[in-house]
Amino acid sequence: SSIMRIYGTKGILEARDNFTELTLFPADAEKPKTTEKFSVDHTLSRELTAFADACAGKAEHPVRPEEALRNVAVMESIVASSDQGGAWIELGD
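Along each chain, the written sequence defines residue order, and numbers are assigned to residues from 1. Note on the predicted model: pLDDT of at least 70 is required for a residue's local features to be given, and 80 or more for side-chain atom pairs to be given and counted; whole-chain, interface and lining totals, by contrast, use all residues. Hydrogen atoms and water are omitted, and side-chain values are computed over all heavy atoms in the structure.

Comments concerning the side chain of S77
- Among the structural elements, S77 can be located in helix α2 (residues 65–83).
- Each residue is placed in one exposure class: buried if its accessible area under a 1.4 Å probe, protein chains only, is under 20% of its type's maximum, exposed if it is over 50%, and partly exposed if it falls in between. Judged by its relative accessible area of 12%, S77 is buried.
- Polar contacts, as counted here, are pairs of nitrogen or oxygen atoms within 3.5 Å of one another; within protein the pair requires one atom able to donate a hydrogen and one able to accept it, and residues that are adjacent in sequence qualify only if both atoms are side-chain atoms. Within the structure, the side chain of S77 is placed 2.6 Å from the backbone oxygen of V74, a separation counted as a polar contact.
- Between two residues, a contact is recorded if the distance between any of their heavy atoms is within 4.5 Å. In this structure S77 touches I89 and L91, once residues within four positions along its chain are discounted. Every helix listed is a DSSP run of H or I at least four residues long, and every strand listed is a run of E at least two residues long, numbered separately from the N terminus.

Here it is as structure tokens:
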């Protein structure tokens, strides 16, 4: 089983079992650790099935083209913000 830990100034976040279990260990020893468990979600498989169904004319794709373009604009703004040292990036309508 793989483990990923993210170390921060306010605590450590530990992910186990393919991100189905997340535990937060606060830096403050007075605060208790908290653990959340999640079920596995096969998002990529569901997305590819929806795409294949749309291509075959069985159903409409759940993401409209306008939404997909907006998602790309958001991702591009994240990269631009990072390149500019965390600058705020305005998205057009």
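Continuing now.
Thoughts on the environment of L44
- With respect to the helices and strands, L44 occurs in helix α1 (residues 43–55).
- The spatial distance from the C-alpha of L44 to the C-alpha of P32 is 35 Å, given a sequence separation of 12 residues.

A closer look at the side chain of S81
- Note on placement: S81 falls in helix α2.
- Of the polar contacts made by the side chain of S81, one reaches the backbone oxygen of A87; its length is 2.7 Å.

Some details on the environment of K37
- Within the secondary structure, K37 sits in strand β4 (residues 34–37).
- Looking at K37, the relative accessible area reads 64%, which means it is exposed.
- It is 8.6 Å that separates the C-alpha atoms of K37 and F19, two residues lying 18 residues apart in sequence.
- If we skip the residues at most four places from it in the chain, K37 touches T20 and E21.
- Polar contacts involving the side chain of K37 include one to the side chain of E21, which spans 3.3 Å.

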